[in-house]
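Below, each chain spelled out in residue letters.
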There are 2 protein chains.
Amino acid sequence: MLTLYDSAISGNAYKVRLILSHLGLSAKRIEMNVDDGSTRTPEFLKVNRNGKVPAIVLEDGTTLSESDAILYYFAEGTPYWPNDKLDRARVLQWMFFEQYNHEPTIAVVRHWVAHLGKTPANEPALPAKTAAGYRALDVMENHLTANDYFVGRHYSIADIALYAYTHVAHEGGFDLGRYPAISAWLKRVASQPGHIRITD
Amino acid sequence: MLTLYDSAISGNAYKVRLILSHLGLSAKRIEMNVDDGSTRTPEFLKVNRNGKVPAIVLEDGTTLSESDAILYYFAEGTPYWPNDKLDRARVLQWMFFEQYNHEPTIAVVRHWVAHLGKTPANEPALPAKTAAGYRALDVMENHLTANDYFVGRHYSIADIALYAYTHVAHEGGFDLGRYPAISAWLKRVASQPGHIRITD
(Lines give C-alpha, C1' and ligand atoms only; values in the text may rest on other atoms or scores of the structure.)
Protein backbone atom coordinates (compact mmCIF):
# COMPACT_ATOMS: atom_id res chain seq x y z
CA MET A 1 0.00 0.00 0.00
CA LEU A 2 1.27 3.47 -0.88
CA THR A 3 1.26 6.12 1.85
CA LEU A 4 0.81 9.76 0.80
CA TYR A 5 1.71 12.60 3.14
CA ASP A 6 -1.00 14.86 1.88
CA SER A 7 -2.65 18.25 2.31
CA ALA A 8 -6.20 19.02 1.21
CA ILE A 9 -5.32 22.64 0.36
CA SER A 10 -2.07 21.87 -1.49
CA GLY A 11 -2.16 21.81 -5.28
CA ASN A 12 1.18 20.01 -5.20
CA ALA A 13 -0.39 17.18 -3.17
CA TYR A 14 -3.45 17.19 -5.46
CA LYS A 15 -1.17 16.46 -8.45
CA VAL A 16 -0.25 13.14 -6.82
CA ARG A 17 -3.86 12.25 -5.97
CA LEU A 18 -4.79 13.06 -9.58
CA ILE A 19 -2.17 10.84 -11.27
CA LEU A 20 -2.99 7.99 -8.86
CA SER A 21 -6.68 8.34 -9.77
CA HIS A 22 -5.90 8.31 -13.51
CA LEU A 23 -3.91 5.12 -13.01
CA GLY A 24 -6.46 3.43 -10.73
CA LEU A 25 -4.02 3.37 -7.81
CA SER A 26 -4.87 4.17 -4.21
CA ALA A 27 -2.85 5.41 -1.26
CA LYS A 28 -3.36 5.77 2.45
CA ARG A 29 -3.64 9.53 2.95
CA ILE A 30 -2.05 11.19 5.97
CA GLU A 31 -3.29 14.78 6.19
CA MET A 32 -0.57 17.24 7.25
CA ASN A 33 -0.96 20.83 8.42
CA VAL A 34 1.44 22.86 6.27
CA ASP A 35 1.27 25.99 8.44
CA ASP A 36 1.82 24.84 12.04
CA GLY A 37 5.29 23.28 11.81
CA SER A 38 4.07 19.67 11.44
CA THR A 39 6.25 19.21 8.34
CA ARG A 40 9.35 20.33 10.29
CA THR A 41 9.25 17.79 13.14
CA PRO A 42 12.20 15.36 13.46
CA GLU A 43 9.76 12.55 12.65
CA PHE A 44 8.57 14.09 9.38
CA LEU A 45 12.08 15.17 8.37
CA LYS A 46 12.91 11.44 8.23
CA VAL A 47 10.26 11.15 5.51
CA ASN A 48 11.32 14.30 3.65
CA ARG A 49 14.48 16.08 4.83
CA ASN A 50 13.25 19.15 2.94
CA GLY A 51 10.15 19.34 5.17
CA LYS A 52 7.43 19.59 2.57
CA VAL A 53 4.35 17.75 1.35
CA PRO A 54 3.60 15.85 -0.77
CA ALA A 55 5.87 12.95 0.04
CA ILE A 56 5.04 9.37 -0.81
CA VAL A 57 6.19 6.14 0.80
CA LEU A 58 6.38 3.28 -1.69
CA GLU A 59 5.50 -0.35 -0.94
CA ASP A 60 9.15 -1.15 -0.12
CA GLY A 61 9.36 1.70 2.40
CA THR A 62 11.43 4.09 0.29
CA THR A 63 10.24 7.66 0.10
CA LEU A 64 10.01 10.13 -2.74
CA SER A 65 9.27 13.84 -2.61
CA GLU A 66 8.82 16.82 -4.96
CA SER A 67 5.39 16.65 -6.57
CA ASP A 68 6.62 16.73 -10.17
CA ALA A 69 9.22 13.99 -9.54
CA ILE A 70 6.44 11.85 -8.05
CA LEU A 71 4.33 12.53 -11.16
CA TYR A 72 7.22 11.29 -13.31
CA TYR A 73 7.66 8.13 -11.20
CA PHE A 74 4.06 7.04 -11.66
CA ALA A 75 3.70 8.27 -15.27
CA GLU A 76 6.73 6.54 -16.78
CA GLY A 77 5.53 3.65 -18.94
CA THR A 78 1.99 5.09 -19.19
CA PRO A 79 0.38 7.45 -21.75
CA TYR A 80 0.96 10.36 -19.33
CA TRP A 81 4.73 10.36 -20.15
CA PRO A 82 5.42 10.71 -23.90
CA ASN A 83 7.21 8.18 -26.11
CA ASP A 84 9.33 10.77 -27.90
CA LYS A 85 12.51 12.06 -26.21
CA LEU A 86 12.02 15.68 -27.28
CA ASP A 87 8.43 15.54 -26.03
CA ARG A 88 9.66 14.15 -22.71
CA ALA A 89 12.13 17.04 -22.43
CA ARG A 90 9.28 19.45 -23.16
CA VAL A 91 7.16 17.89 -20.42
CA LEU A 92 10.03 18.58 -18.03
CA GLN A 93 10.49 22.08 -19.49
CA TRP A 94 6.88 22.91 -18.56
CA MET A 95 7.19 21.24 -15.15
CA PHE A 96 10.31 23.28 -14.32
CA PHE A 97 8.48 26.40 -15.55
CA GLU A 98 5.65 25.40 -13.22
CA GLN A 99 7.92 25.04 -10.18
CA TYR A 100 9.99 28.17 -10.90
CA ASN A 101 7.57 30.71 -12.40
CA HIS A 102 4.04 29.49 -11.68
CA GLU A 103 3.90 27.81 -8.26
CA PRO A 104 5.98 30.42 -6.34
CA THR A 105 3.65 33.15 -7.62
CA ILE A 106 0.14 31.77 -8.22
CA ALA A 107 0.16 29.16 -5.44
CA VAL A 108 1.80 31.49 -2.93
CA VAL A 109 -0.65 34.33 -3.62
CA ARG A 110 -3.56 31.88 -3.25
CA HIS A 111 -2.15 30.61 0.06
CA TRP A 112 -1.71 34.14 1.39
CA VAL A 113 -5.12 35.39 0.26
CA ALA A 114 -7.30 32.30 0.78
CA HIS A 115 -5.66 30.50 3.71
CA LEU A 116 -3.32 32.67 5.80
CA GLY A 117 -5.00 36.01 5.13
CA LYS A 118 -3.10 39.19 4.37
CA THR A 119 -0.51 40.01 7.03
CA PRO A 120 2.03 42.84 7.48
CA ALA A 121 4.64 40.29 6.37
CA ASN A 122 3.03 39.17 3.12
CA GLU A 123 0.95 42.17 2.02
CA PRO A 124 3.88 44.31 0.70
CA ALA A 125 4.97 41.41 -1.55
CA LEU A 126 1.49 40.74 -2.93
CA PRO A 127 1.45 43.15 -5.93
CA ALA A 128 4.79 41.90 -7.34
CA LYS A 129 3.87 38.25 -6.77
CA THR A 130 0.50 38.82 -8.44
CA ALA A 131 2.12 40.53 -11.45
CA ALA A 132 4.59 37.63 -11.79
CA GLY A 133 1.68 35.18 -11.61
CA TYR A 134 -0.05 36.98 -14.48
CA ARG A 135 3.18 36.77 -16.51
CA ALA A 136 3.16 32.98 -16.02
CA LEU A 137 -0.50 32.86 -17.11
CA ASP A 138 0.42 34.95 -20.19
CA VAL A 139 3.05 32.35 -21.17
CA MET A 140 0.48 29.56 -20.76
CA GLU A 141 -2.20 31.44 -22.74
CA ASN A 142 0.25 32.06 -25.58
CA HIS A 143 1.01 28.35 -25.82
CA LEU A 144 -2.59 27.15 -25.44
CA THR A 145 -3.87 29.51 -28.13
CA ALA A 146 -2.14 27.23 -30.66
CA ASN A 147 -2.18 23.90 -28.76
CA ASP A 148 -4.80 21.80 -26.97
CA TYR A 149 -2.27 20.48 -24.42
CA PHE A 150 1.18 21.51 -23.24
CA VAL A 151 3.13 18.81 -25.09
CA GLY A 152 2.23 17.13 -28.36
CA ARG A 153 -1.44 16.52 -28.84
CA HIS A 154 -1.98 14.57 -25.66
CA TYR A 155 -2.74 15.11 -22.00
CA SER A 156 0.44 14.48 -19.97
CA ILE A 157 1.90 15.13 -16.53
CA ALA A 158 2.83 18.62 -17.80
CA ASP A 159 -0.91 19.37 -17.91
CA ILE A 160 -1.44 17.82 -14.46
CA ALA A 161 1.40 19.92 -13.01
CA LEU A 162 0.05 23.17 -14.45
CA TYR A 163 -3.63 22.41 -13.81
CA ALA A 164 -3.16 21.95 -10.06
CA TYR A 165 -2.79 25.62 -9.14
CA THR A 166 -4.22 27.23 -12.30
CA HIS A 167 -7.72 25.91 -11.74
CA VAL A 168 -7.81 27.44 -8.23
CA ALA A 169 -5.96 30.66 -9.15
CA HIS A 170 -9.20 32.66 -8.72
CA GLU A 171 -8.99 31.86 -4.98
CA GLY A 172 -5.92 34.14 -4.95
CA GLY A 173 -7.75 36.85 -6.89
CA PHE A 174 -6.47 35.99 -10.37
CA ASP A 175 -9.01 36.76 -13.11
CA LEU A 176 -8.98 33.79 -15.48
CA GLY A 177 -11.76 35.44 -17.52
CA ARG A 178 -8.95 37.23 -19.37
CA TYR A 179 -7.63 33.90 -20.64
CA PRO A 180 -9.96 32.10 -23.07
CA ALA A 181 -7.39 29.47 -24.14
CA ILE A 182 -6.53 28.59 -20.53
CA SER A 183 -10.25 28.43 -19.68
CA ALA A 184 -10.90 25.99 -22.55
CA TRP A 185 -7.89 23.87 -21.53
CA LEU A 186 -9.12 23.70 -17.90
CA LYS A 187 -12.35 22.11 -19.20
CA ARG A 188 -10.35 19.73 -21.40
CA VAL A 189 -8.29 18.59 -18.40
CA ALA A 190 -11.37 18.18 -16.19
CA SER A 191 -12.97 15.90 -18.82
CA GLN A 192 -10.12 13.33 -18.76
CA PRO A 193 -11.01 9.79 -17.64
CA GLY A 194 -10.34 9.35 -13.94
CA HIS A 195 -10.32 13.09 -13.20
CA ILE A 196 -10.96 14.01 -9.57
CA ARG A 197 -11.44 17.40 -7.98
CA ILE A 198 -8.99 18.96 -5.51
CA THR A 199 -11.74 18.65 -2.89
CA ASP A 200 -12.37 14.92 -3.57
CA MET B 1 25.28 22.62 -35.09
CA LEU B 2 23.63 23.38 -31.75
CA THR B 3 23.09 27.04 -30.81
CA LEU B 4 23.14 27.95 -27.12
CA TYR B 5 21.70 31.24 -25.90
CA ASP B 6 24.18 31.61 -23.11
CA SER B 7 25.34 33.85 -20.27
CA ALA B 8 28.83 33.72 -18.77
CA ILE B 9 27.56 34.64 -15.31
CA SER B 10 24.58 32.24 -15.29
CA GLY B 11 24.97 28.95 -13.46
CA ASN B 12 21.89 27.71 -15.30
CA ALA B 13 23.66 28.29 -18.64
CA TYR B 14 26.87 26.71 -17.25
CA LYS B 15 24.94 23.48 -16.58
CA VAL B 16 24.33 23.16 -20.32
CA ARG B 17 27.95 23.93 -21.24
CA LEU B 18 29.04 21.33 -18.68
CA ILE B 19 26.87 18.44 -19.95
CA LEU B 20 27.87 19.26 -23.55
CA SER B 21 31.54 19.11 -22.51
CA HIS B 22 31.05 15.77 -20.74
CA LEU B 23 29.46 14.38 -23.90
CA GLY B 24 32.03 15.86 -26.29
CA LEU B 25 29.42 18.05 -27.98
CA SER B 26 29.89 21.65 -29.01
CA ALA B 27 27.50 24.53 -29.57
CA LYS B 28 27.65 27.98 -31.07
CA ARG B 29 27.39 30.28 -28.05
CA ILE B 30 25.38 33.50 -28.23
CA GLU B 31 26.13 35.60 -25.14
CA MET B 32 23.04 37.35 -23.77
CA ASN B 33 22.85 40.15 -21.22
CA VAL B 34 20.37 38.97 -18.56
CA ASP B 35 19.96 42.39 -16.94
CA ASP B 36 19.31 44.85 -19.78
CA GLY B 37 16.08 43.44 -21.26
CA SER B 38 17.80 41.54 -24.11
CA THR B 39 15.94 38.36 -23.13
CA ARG B 40 12.59 40.17 -23.37
CA THR B 41 12.80 41.41 -26.97
CA PRO B 42 10.18 40.12 -29.44
CA GLU B 43 13.01 38.38 -31.30
CA PHE B 44 14.24 36.46 -28.25
CA LEU B 45 10.70 35.66 -27.07
CA LYS B 46 10.38 33.61 -30.28
CA VAL B 47 13.26 31.46 -28.98
CA ASN B 48 11.93 31.26 -25.40
CA ARG B 49 8.49 32.73 -24.71
CA ASN B 50 9.44 32.74 -21.02
CA GLY B 51 12.31 35.18 -21.74
CA LYS B 52 15.17 33.39 -20.00
CA VAL B 53 18.55 31.85 -20.76
CA PRO B 54 19.70 29.20 -21.28
CA ALA B 55 17.77 28.19 -24.37
CA ILE B 56 19.13 25.82 -26.98
CA VAL B 57 18.29 25.49 -30.66
CA LEU B 58 18.67 21.92 -31.90
CA GLU B 59 19.93 20.91 -35.34
CA ASP B 60 16.38 20.76 -36.72
CA GLY B 61 15.61 24.30 -35.52
CA THR B 62 13.43 23.37 -32.57
CA THR B 63 14.15 25.10 -29.29
CA LEU B 64 14.26 23.87 -25.74
CA SER B 65 14.51 25.90 -22.52
CA GLU B 66 14.74 25.37 -18.74
CA SER B 67 18.28 24.33 -17.84
CA ASP B 68 17.32 21.10 -16.07
CA ALA B 69 15.07 19.97 -18.95
CA ILE B 70 17.98 20.59 -21.34
CA LEU B 71 20.22 18.50 -19.04
CA TYR B 72 17.68 15.67 -19.27
CA TYR B 73 17.50 15.90 -23.07
CA PHE B 74 21.24 15.44 -23.51
CA ALA B 75 21.72 12.96 -20.63
CA GLU B 76 19.07 10.42 -21.61
CA GLY B 77 20.78 7.32 -22.92
CA THR B 78 24.11 8.25 -21.28
CA PRO B 79 25.60 7.42 -17.85
CA TYR B 80 24.47 10.84 -16.59
CA TRP B 81 20.81 9.63 -16.47
CA PRO B 82 20.35 6.46 -14.35
CA ASN B 83 19.08 3.11 -15.57
CA ASP B 84 16.77 2.53 -12.61
CA LYS B 85 13.34 4.21 -12.58
CA LEU B 86 13.43 5.10 -8.88
CA ASP B 87 16.90 6.58 -9.35
CA ARG B 88 15.62 8.63 -12.29
CA ALA B 89 12.78 9.93 -10.12
CA ARG B 90 15.33 10.84 -7.45
CA VAL B 91 17.43 12.74 -10.01
CA LEU B 92 14.32 14.75 -10.82
CA GLN B 93 13.52 15.14 -7.10
CA TRP B 94 16.91 16.81 -6.58
CA MET B 95 16.56 18.92 -9.74
CA PHE B 96 13.14 20.21 -8.63
CA PHE B 97 14.63 20.91 -5.19
CA GLU B 98 17.37 22.82 -6.99
CA GLN B 99 14.96 24.97 -8.99
CA TYR B 100 12.55 25.59 -6.08
CA ASN B 101 14.72 25.85 -2.95
CA HIS B 102 18.30 26.35 -4.11
CA GLU B 103 18.41 28.49 -7.25
CA PRO B 104 15.87 31.16 -6.12
CA THR B 105 17.90 31.67 -2.94
CA ILE B 106 21.60 30.95 -3.56
CA ALA B 107 21.71 32.08 -7.19
CA VAL B 108 19.59 35.15 -6.57
CA VAL B 109 21.70 36.28 -3.58
CA ARG B 110 24.87 35.78 -5.65
CA HIS B 111 23.40 37.83 -8.50
CA TRP B 112 22.38 40.65 -6.16
CA VAL B 113 25.67 40.73 -4.26
CA ALA B 114 28.21 39.97 -7.02
CA HIS B 115 26.59 41.40 -10.16
CA LEU B 116 23.84 43.95 -9.51
CA GLY B 117 25.09 45.22 -6.16
CA LYS B 118 22.84 45.86 -3.20
CA THR B 119 19.97 48.23 -4.00
CA PRO B 120 17.06 49.65 -2.00
CA ALA B 121 14.91 47.11 -3.85
CA ASN B 122 16.89 43.97 -3.05
CA GLU B 123 18.62 44.76 0.26
CA PRO B 124 15.55 44.27 2.53
CA ALA B 125 15.04 40.77 1.06
CA LEU B 126 18.67 39.72 1.45
CA PRO B 127 18.61 38.30 5.03
CA ALA B 128 15.59 36.04 4.40
CA LYS B 129 16.95 34.87 1.03
CA THR B 130 20.34 34.13 2.62
CA ALA B 131 18.74 32.17 5.46
CA ALA B 132 16.71 30.14 2.94
CA GLY B 133 19.90 29.48 0.95
CA TYR B 134 21.59 28.11 4.08
CA ARG B 135 18.57 25.84 4.66
CA ALA B 136 19.06 24.42 1.14
CA LEU B 137 22.77 23.89 1.86
CA ASP B 138 21.82 22.12 5.13
CA VAL B 139 19.64 19.67 3.16
CA MET B 140 22.52 19.00 0.76
CA GLU B 141 25.08 18.55 3.57
CA ASN B 142 22.78 16.09 5.34
CA HIS B 143 22.54 13.97 2.19
CA LEU B 144 26.22 14.18 1.23
CA THR B 145 27.38 13.19 4.71
CA ALA B 146 26.18 9.66 3.87
CA ASN B 147 26.49 9.69 0.06
CA ASP B 148 29.22 10.56 -2.47
CA TYR B 149 26.71 11.78 -5.06
CA PHE B 150 23.07 12.85 -5.03
CA VAL B 151 21.64 9.69 -6.59
CA GLY B 152 22.98 6.16 -6.32
CA ARG B 153 26.74 5.93 -6.35
CA HIS B 154 27.29 7.80 -9.59
CA TYR B 155 27.69 11.33 -10.88
CA SER B 156 24.47 12.35 -12.67
CA ILE B 157 22.67 15.45 -13.93
CA ALA B 158 21.41 15.92 -10.34
CA ASP B 159 25.02 16.69 -9.38
CA ILE B 160 25.47 18.99 -12.38
CA ALA B 161 22.28 20.88 -11.51
CA LEU B 162 23.30 21.40 -7.88
CA TYR B 163 26.99 22.06 -8.57
CA ALA B 164 26.31 25.02 -10.86
CA TYR B 165 25.38 27.55 -8.18
CA THR B 166 26.81 25.79 -5.11
CA HIS B 167 30.41 26.10 -6.26
CA VAL B 168 30.03 29.89 -6.68
CA ALA B 169 27.85 30.41 -3.59
CA HIS B 170 30.75 32.19 -1.84
CA GLU B 171 30.37 35.00 -4.41
CA GLY B 172 27.03 35.73 -2.68
CA GLY B 173 28.64 35.62 0.75
CA PHE B 174 27.75 32.02 1.66
CA ASP B 175 30.36 30.37 3.89
CA LEU B 176 30.91 26.87 2.49
CA GLY B 177 33.59 26.27 5.14
CA ARG B 178 30.74 25.17 7.41
CA TYR B 179 29.97 22.28 5.06
CA PRO B 180 32.68 19.60 4.90
CA ALA B 181 30.57 17.07 2.97
CA ILE B 182 29.55 19.65 0.35
CA SER B 183 33.18 20.79 0.06
CA ALA B 184 34.38 17.20 -0.57
CA TRP B 185 31.59 16.68 -3.14
CA LEU B 186 32.55 19.88 -4.99
CA LYS B 187 36.04 18.41 -5.49
CA ARG B 188 34.56 15.08 -6.58
CA VAL B 189 32.46 16.85 -9.24
CA ALA B 190 35.39 18.96 -10.45
CA SER B 191 37.44 15.79 -11.00
CA GLN B 192 34.96 14.23 -13.46
CA PRO B 193 36.24 13.58 -17.01
CA GLY B 194 35.33 16.48 -19.29
CA HIS B 195 34.78 18.93 -16.43
CA ILE B 196 35.02 22.60 -17.38
CA ARG B 197 34.92 25.68 -15.20
CA ILE B 198 32.11 28.26 -15.28
CA THR B 199 34.66 30.74 -16.67
CA ASP B 200 35.82 28.41 -19.47
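Here the structure is a predicted model, which means the values were calculated and not measured.

The rules behind each value
- Residues numbered from 1 in each chain as written.
- Chains lettered and ligands numbered in written order.
- Predicted model: local features only at pLDDT ≥ 70, side-chain atom pairs only at ≥ 80, totals over all residues.
- Heavy atoms only, no water.
- Helix = DSSP H or I, 4+ residues; strand = E, 2+ residues; numbered from the N terminus.
- Pairing = 2+ DSSP bridges.
- Expected span 1.5 Å × (residues − 1).
- Buried < 20%, exposed > 50% of the residue type's maximum accessible area, 1.4 Å probe, protein only.
- Contact = heavy atoms within 4.5 Å.
- Axes fitted to C-alpha atoms, helices over the stretch in contact; angles between N-to-C directions.
- Core = buried A, V, L, I, M, F, W, Y, C linked by side-chain atoms within 4.5 Å.
- Buried area = accessible area lost by both parts, 1.4 Å probe.
- Salt bridge = Lys/Arg side-chain N within 4 Å of Asp/Glu carboxyl O.
- Polar contact = N/O pair within 3.5 Å; in protein donor to acceptor, adjacent residues only side chain to side chain.
- Nonpolar A, V, L, I, M, F, W, Y, C, P; charged D, E, K, R; others polar.
- Least-squares fit on C-alpha atoms with pLDDT ≥ 70 in both.
- Right-handed = clockwise from strand over helix to strand, strands pointing away.
- pLDDT = per-residue confidence, 0-100.

**A few points about the environment of Lys46 of chain B**
1) Next: Of note, Lys46 of chain B is situated in helix α2 (residues 42-47).
2) Next: Separated by 17 residues in the primary sequence, Lys46 of chain B and Thr63 of chain B place their C-alpha atoms 9.4 Å from one another.

**A closer look at the pairing of strand β2 (residues 27-31) of chain B**
1) Next: Pairing geometry for strand β1 (residues 2-6) of chain B and β2 of chain B, over 5 bridges, is parallel. Across the sheet, the residue bridging to Thr3 of chain B is Lys28 of chain B, located in β2 of chain B.

**As for helix α5 (residues 126-146) of chain B**
All names here are of chain B.
1) Next: Taking 1.5 Å per residue, 21 residues should reach 30 Å; α5 reaches 31 Å between its end C-alpha atoms and fits that length.
2) Next: Buried residues of α5: Leu126, Ala132, Gly133, Tyr134, Ala136, Leu137, Val139, Met140, Glu141, His143 and Leu144, and no others.
3) Next: Where the residues of α5 are buried, they touch α4 (85-116), α6 (157-166) and α7 (180-190).

**What about the sheet that holds strand β2 (residues 27-31) of chain A?**
Residues and elements named next belong to chain A.
1) Next: In space, the 4 strands of this open sheet follow the order β2-β1-β3-β4, with mixed pairing throughout. Whereas interior strands pair on both sides, the edge strands pair on one side only; in this sheet they are β2 and β4 (63-65). For this sheet, the mean inter-axis angle between neighbouring strands, taken without regard to orientation, is 20°.
2) Next: Strand direction decides the pairing type here: strand β1 (residues 2-6) and strand β3 (residues 55-57), joined by 3 bridges, are antiparallel. The residue bridging Leu4 from the neighbouring strand is Ile56, located in β3.

**Remarks on the nonpolar core**
As a rule of thumb, nonpolar side chains are buried together in soluble globular proteins.
1) Next: The biggest cluster of nonpolar side chains holds 128 residues, and the ones touching the most others in it are Ile56, Ile157 and Trp185 of chain A together with Ile56, Ile157 and Trp185 of chain B.
2) Next: With sequence-adjacent residues up to four places away left out, Ile56 of chain B is seen in contact with Leu2, Thr3, Leu4, Val16, Leu20, Thr62, Thr63, Leu64, Ile70 and Phe74 of chain B.

**Examining the interface of chain B and chain A**
1) Next: The partner chain A presents 33 residues to the 33 residues of chain B that form the contact.
2) Next: Buried area between chain B and chain A, summed over both chains or domains, comes out near 3300 Å², and the portion from carbon and sulfur atoms is 61%.
3) Next: Among the residues of chain B in contact with chain A, Arg49, Phe96 and Tyr100 of chain B are the three that bury the most area, contributing 21% of the side total.
4) Next: The interface formed by chain B and chain A holds 2 salt bridges in total.
5) Next: Between Glu76 of chain B and Arg88 of chain A there is a salt bridge, with its nearest N and O atoms 2.7 Å apart.
6) Next: Summed over the shared surface of chain B and chain A, the number is 16 residue pairs in polar contact (both at pLDDT 80 or more).
7) Next: Contributing elements (two or more residues each) for the side of chain B that touches chain A: β4 (63-65), α3 (67-75), α4 and α5 of chain B.
8) Next: For the side of chain B that touches chain A, the leading source of residues is α4 of chain B, giving 15 residues.
9) Next: For the side of chain B that touches chain A, the residue count by class is 15 nonpolar, 8 polar and 10 charged.

**Side note on the relation of the copies chain B and chain A**
1) Next: When chain B is fitted to chain A, the best match, at an RMSD of 0.0 Å, comes from turning it 180° and sliding it 0.0 Å along the axis. The superposition of one copy onto the other is thereby described by a two-fold rotation axis. Closest to the rotation axis within chain B is the C-alpha of Tyr100 of chain B, separated from it by 3.0 Å.
2) Next: A shared binding surface is used by both copies, with 100% of the interface residues of chain B retained as interface residues in chain A.

**Brief notes about the pattern of salt bridges**
1) Next: On inspection of all chains with the given rule, the structure shows 20 salt bridges over all chains.
2) Next: Glu171 of chain B is the partner of Arg110 of chain B in a salt bridge, and the nearest nitrogen-oxygen pair spans 2.9 Å. With Arg110 of chain B in helix α4 and Glu171 of chain B in the loop between α6 and α7, this pair connects stretches of sequence that are 61 residues apart.
3) Next: Overlapping salt bridges, with partners in common, bring together Asp6, Arg17 and Arg29 of chain A in one network.

**Thoughts on the pairing of β1 of chain A**
1) Next: Counting buried residues along β1 of chain A, 5 of its 5 residues qualify, which places the element largely inside the surrounding structure.
2) Next: Handedness of the crossover is the feature at issue here: the chain leaves β1 of chain A, passes through helix α1 (residues 11-22) of chain A, returns alongside β2 of chain A, and the resulting connection is right-handed.

**Considerations on the confidence of the model for chain A**
1) Next: Scored by pLDDT, chain A comes out at a mean of 97, with 100% of its residues at no less than 70.
2) Next: As scored by the predictor, the complex reaches a pTM of 0.98 and an ipTM of 0.97.

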